[in-house]
Amino acid sequence: EAMLRLAQPVPPGRTATSVEAALQAAEAIGYPVVVRPAFTLGGTGGGIAADARALAEVARGGLQSSPIQQVLVERCVLGWKEIEYEVMRDTSGTAITVCNMENIDPMGVHTGDSIVVAPSQTLSDTDYQRLRTAALRIIEGLGIAGGCNIQFALDPQGGDYYVIEVNPRVSRSSALASKATGYPIARAAAKIAVGLRLDEIPNRVTGATTSAFEPALDYVVVKIPRWPFDKFPQMDRRLGTQMKATGEVMAIGRTFPEALLKALRSLDGPSVGLALAEAASWTGGELDRLLAEPSDLRLFAVAEALRRGMDVAHVAGRTYIAPYFIGRVAEIVACERGLARGEVELRDAKRLGLPDAVIAAITGEREEAVRARRQAEGLRPVFKVVDTCAGEFPAQTPYFYSTYETEDEVPDSARPRVLVLGSGPIRIGQGIEFDYSTVHAVKALREAGREAVIVNNNPETVSTDFDISDRLYFEPLTLEDVLHVVERERPTGVLVQFGGQTAINLAGPLEEAGVAILGTPVASLDISEDREKFYALLGTLDIHCPEGGAVASVEEARALLRRLGLPVLIRPSYVLGGRGMEVAETADDAVTAAATALGAAPGYPVLIDRYVAGMELEIDAVTDGTAVLIPGIMEHVERAGVHSGDSIAVFPAQTVPEAVEERAIEIAALLARALHVRGFLNVQYVYDGTRLYVLEANLRSSRTVPFVSKAVGVPLVQIATRVMLGDALADLGFAGLHRLASPPRVAVKAPVFSMEKLGRAEAAVGPEMKSTGEVMGIDTDPEVAMFKAITAAGIVAHERSVLASIADRDKAQAPEVFGLFARAGFRLLATPETASLLRSAGLEVTDVSPQDPFAAAVGLVVNTPTRGGDSSRDGFQLRRRALERRIPCLTSLDTARAVARVLTIVPALVSVEPLAGRPLE
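Residues numbered from 1 in each chain as written. Predicted model: local features only at pLDDT ≥ 70, side-chain atom pairs only at ≥ 80, totals over all residues. Heavy atoms only, no water.

**Student:** Could you give an account of the packing of aromatic side chains, naming the residues involved and the relevant values?
**Tutor:** Taken as a whole and assessed by the stated rule, the structure comprises 16 aromatic pairs. Seen in terms of ring centroids, Phe-256 and Tyr-324 are 6.4 Å apart; in terms of plane orientation they differ by 50°. Their pairing is tilted. One end of the pair, Phe-256, is in helix 7 (residues 256-266); the other, Tyr-324, is in helix 11 (residues 323-341), with 68 residues separating them in the sequence. Under the relative-accessibility criterion, Phe-256 is labelled buried at 3%. The exposure class of Tyr-324 is partly exposed, given its relative accessible area of 29%. Taken together, a centroid distance of 5.6 Å and an interplanar angle of 35° make the contact between Phe-400 and Tyr-473 tilted. A residue pair is termed long-range when its members are at least 10 positions apart, and Phe-400 in strand 13 (residues 399-403) and Tyr-473 in strand 16 (residues 471-474) qualify at 73 residues. Judged by its relative accessible area of 1%, Phe-400 is buried. Chaining the aromatic ring pairs together yields one cluster made of Tyr-85, Tyr-128, Phe-152 and Tyr-161. (Phe/Tyr/Trp six-rings, centres within 6.5 Å; stacked < 30°, edge-to-face > 60°. Helix = DSSP H or I, 4+ residues; strand = E, 2+ residues; numbered from the N terminus. Buried < 20%, exposed > 50% of the residue type's maximum accessible area, 1.4 Å probe, protein only.)

The structure is reproduced here in structure tokens:
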């Protein structure tokens, strides 16, 4: 209605508050239609429907997702261009466009899942100005003060457009636009909110203009999403209106091909270029499907189609991607072909953006040989500044990107500097926790009188704000790109401990290239990452670890299994987030898991351990190799076998015997000294009631460092950074084996999952991490802290009933857990075998059919899997159906026990009262 008042076209559509109303709307509009739930983010609950049957399913999910039970059913404009404008306006009516962005993927793919380029590349000046004028009229007409993101659909044939949506807030795209232009959108919006006009807010980049000055870009920016399909290979990889990406990368270049190739290698994925190993085996039918259906593989399919001789027009017709972008990919493919034939000069390949690793793969050289040849020819990148004004004014900002041109714009500095490697895109297993550590390390460096230089490529993070460090390089975190920055900056050393596995994996190659790695020696990092070497070290220190061994082949795995027995835990080397880890209870499962793990880390051994069931403990320590600072001990709610990132953790530990805590601290000190650790040390243990075993040690900042730092109120990252620079802990007030006094409060960390977005993915927790974030509850009462954490994590029952379906191995403990739920006033529902078990224990329980478990109202599901990952089993279907209904699903009995215990102890906090016909969380 608002758009029509402003004479702005919108797709024909109707709101609906029931499935029947949605079907009636579609009959009037015509199929296909798109469903957009009200008041949700990331396209949650939405989708495209081509017929009434599909619409009924999508609408039902959309209504469940919307907090006001309303969806918009509107005409679907599949294949149109998607264009976004970031607009700013102050209360006096002054408005500017910060930038516009063009989605390379056409309409039908959520913008968070789309490859995006800024500024737009294929709009005519007429279309550009028409949409810009519309954006300014919209922000004025809605009276928005601050930032606004406006999305348009543009017909590539006739030039008609629709306003798709308006986000009157800082959005995901706003963060990208801020980093793409250097214009700090959130900062300007905050200034406007407290009454300043745009012409009163200085532009801190130029120092000569105000925020009323529209940015000008003399470069191209490309954003590529980072999806979790590597963690969930069985899930549906197709992309639609419901966002699936967990993060994104951004790259800057002088041309679109250069920026695209830089963004591809920033993903830390299976390819540093446009070639995937499996692409050559795609059949013609598979390739055609990958072109027609949006997925994470489509860009690689486009390149493969061009390699096989398809023309640009044909590929553009199958994908609805603008011919311009297909043509630029064809340019890259032609360069690859020319390199293979010796017809393309190295200089031309580098200017197009091809990295040394891709050139080496094409020419058959070693990467070091390509680097040497490039240096002999004088081919080194220069660094250009992001200045918001295309060089019109001198820039004050220290924000740079590399390109192969002649003029370098980085100012020289005589002060000693340290290079800090960021962690790249957010993905499962490597999230915002590492950016916390990166930013706090920079703060410590600057306080210590060093210049801090950051290399990172994630537009969503604080570390890539231009005013956090002394100089920011928006570059891929690959050896080649980092070495370019090292050559330009000449730092006294590089900090790799704060960038997660991405940075740690660069430590060895950087040292081999002559770069100083600050803190823990690289040889020690290698020992901790190589499971075989690490377990050998534990043996020399008389530290217990689960019996096991390293294997390099499936045959070796079979032989080791015969010696160890079952169950076993399979562990690859040099991976983060438990990638490829699995608990196997049968020999066949163990062999399959070993083969998968060998593929996850080629060239590295895989460890097979006897699985020890018990309480898992964790310590984050800071050490200078002699003195050791222990903030405290974390206790996991879930027993070993659930990844630490997916476990509820309590700090300080509440139920660990004192002698066990003392031994855990003693072991941490032994490892710190044996490995000559300078900086962070994370140790994970399992206690089986008799013996304490060490599972692993991470010689870097772990994902729990922010949690522990906030729980104890001590800046652990700053202390660790000072130690890496050479300070002794004793000089900082922490001599010897120093354990901090326990705080007068308890902190609980609970994981947050996004499994409802990932269709066909296994929801059960296990050794491989699946959570996408976490929350923290804190209180002087441990149970209240637990309640705060699980409630914040979304474990909220809208009905006072719990549905149970328990695997045989867990049935002995089930009556105790569900007895707690019954005491909390929950009605017990269960599948037949579980119901019989609970009834025999004296509990009142109602049977439900495995085929129709949600016939009765269910507030919570507790289902421990018999065999995870098998989509044909009833348990898998039960978990997926619970997620589709937005019903919390707990897959560990330990988690269920913790939730039930809280519900019995804190009953006043969990009462459910109706509000406007909907439950109040």
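**Student:** Please set out the pairing of strand 22 (residues 615-623) residue by residue, giving values where relevant.
**Tutor:** Counting buried positions along strand 22 gives 8 out of 9 residues, so the element sits mostly inside the fold. Here strand 22 runs beside strand 26 (residues 679-687); their pairing, made up of 9 bridges, is antiparallel. Note on strand 26: the bridge partner recorded for Asp-620 is Asn-682. Two elements, strand 22 and strand 24 (residues 634-636), share 2 bridges in a ladder whose sense is antiparallel. Across the sheet, the residue bridging to Leu-617 is Glu-635, located in strand 24. Pairing between strand 22 and strand 23 (residues 628-630): 2 bridges, direction antiparallel. Of the residues in strand 23, the one forming a bridge with Val-622 is Leu-629. The loop that links strand 22 with its antiparallel partner strand 23 comprises 4 residues; one of these, Gly-625, has a positive phi angle of about 95°. (Pairing = 2+ DSSP bridges.)

**Student:** Can you explain the pattern of salt bridges? Please cite residues and give values.
**Tutor:** Inspection of every chain in the model, using the stated rule, returns 56 salt bridges. In this structure, the salt-bridge partner of Asp-288 is Arg-318, at a minimum N-O distance of 2.8 Å. Of this pair, Asp-288 sits in helix 8 (residues 284-292) while Arg-318 sits in helix 10 (residues 312-319), placing them 30 residues apart in sequence. Among the residues examined, Asp-288 registers a relative accessible area of 28% and is labelled partly exposed. (Salt bridge = Lys/Arg side-chain N within 4 Å of Asp/Glu carboxyl O.)

**Student:** Go over the sheet that holds strand 21 (residues 606-610) with me, naming the residues and quoting the values.
**Tutor:** If you trace the 4 strands from one edge of the open sheet to the other, you get 18-21-19-20, paired in antiparallel fashion. At either margin of the open sheet sits one strand with a lone partner, and together these are strand 18 (548-551) and strand 20 (582-584). Within this sheet the neighbouring strands show an average axis-to-axis angle of 25°, counted without direction. Here strand 18 pairs with strand 21 via 4 bridges, running antiparallel. (Axes fitted to C-alpha atoms, helices over the stretch in contact; angles between N-to-C directions.)

**Student:** Mind laying out the pairing of strand 4 (residues 71-75), listing which residues take part and the relevant values?
**Tutor:** Here strand 1 (residues 13-16) runs beside strand 4; their pairing, made up of 4 bridges, is antiparallel. Following the sheet pairing, Gly-13 is matched in strand 4 by Glu-74. In this sheet, strand 4 lies alongside strand 2 (residues 33-37) in antiparallel orientation, the contact comprising 5 bridges. Across the sheet, the residue bridging to Val-35 is Val-73, located in strand 4.

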